[in-house]
Amino acid sequence: MFDPEIGRALQKETVTQDQELCPLNFYHDTRHFSYKFSSYPRLEIPHDLPRQLNANSSLATLHAYGVIHAITLNGTSDAGFHHSIRESIHRWQPVLDKLKDT
């Protein structure tokens, strides 16, 4: 999880209908996340992540909702957890909005 400003910088490069879920790639050799084949902006991390396939890159998703953003590798338990959080937020949002108005 990280500051939303970083997520917004990555989102500027994406072309997607759902701005809460942005497709990214993780490049194992340079240990960075970026959108498709774009070199910048990118988010570098100090260590490698488990490879999903025998390839240099893995598909990832920027979860850009709420006050904290997160990036997960697709198909991992972390990705499933963040998708569940997103579904819960969408399911409970009408109730929360009503409480806000009272």
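Next up on the list: the side chain of Arg-86. Within the element layout of this structure, Arg-86 appears in helix α2 (residues 77–101). Residue Arg-86 is classed as buried on the basis of its relative accessible area of 18%. One polar contact links Arg-86 to Glu-20, side chain to side chain, over a distance of 2.9 Å. Not counting chain neighbours up to four residues away, the residues in contact with Arg-86 comprise Asp-18, Glu-20, Leu-21 and Tyr-65.

Summarising burial for strand β4 (residues 57–63): five of the seven residues are buried, a large majority. Across seven bridges, strand β1 (residues 21–27) lies against β4 in antiparallel orientation. Within β4, the position partnered with Asn-25 by the bridge is Leu-59. Both β4 and strand β5 (residues 70–73) contribute to a ladder of four bridges, which runs antiparallel. In the sheet register, Ala-60 faces β5, and the bridge partner there is Leu-73. Where β4 hands over to β5, the hairpin turn is made up of six residues, of which Gly-66 adopts a positive phi near 75°.

To continue, consider the pairing of β1. Within β1, six of the seven residues are buried, leaving the element largely enclosed by the surrounding structure. The pairing of β1 with strand β2 (residues 32–34) spans three bridges and is antiparallel. Among the inter-strand pairings, Tyr-27 is bridged to a residue of β2, identified as His-32.

On to a nonpolar patch on the surface, then. A cluster of nonpolar side chains, contributed by Trp-92, Val-95, Leu-96 and Leu-99, occupies part of the molecular surface with about 400 Å² of accessible area. Tracing the backbone shows Trp-92 in helix α2.

Positionally, Asp-48 belongs in the loop between β3 (43–44) and β4. Take Asp-48: its relative accessible area is 34%, and that puts it in the partly exposed class. Residues Asp-48 and Leu-59 lie eleven residues apart in sequence; the distance between their C-alpha atoms is 14 Å. Among all residues touching Asp-48, those that are not within four sequence positions of it are Phe-26, His-28 and Arg-31. Within the structure, the side chain of Asp-48 is placed 2.7 Å from the side chain of His-28, a separation counted as a polar contact.

What counts, and at which threshold
Residues numbered from 1 in each chain as written. Predicted model: local features only at pLDDT ≥ 70, side-chain atom pairs only at ≥ 80, totals over all residues. Heavy atoms only, no water. Helix = DSSP H or I, 4+ residues; strand = E, 2+ residues; numbered from the N terminus. Buried < 20%, exposed > 50% of the residue type's maximum accessible area, 1.4 Å probe, protein only. Polar contact = N/O pair within 3.5 Å; in protein donor to acceptor, adjacent residues only side chain to side chain. Contact = heavy atoms within 4.5 Å. Pairing = 2+ DSSP bridges. Patch = residues over 30% accessible without salt bridge, like charges linked within 9 Å, V, L, I, M, F, W, Y side chains within 5 Å. Areas by Shrake-Rupley, 256 points an atom, 1.4 Å probe, with all protein chains shown as cover. Salt bridge = Lys/Arg side-chain N within 4 Å of Asp/Glu carboxyl O.

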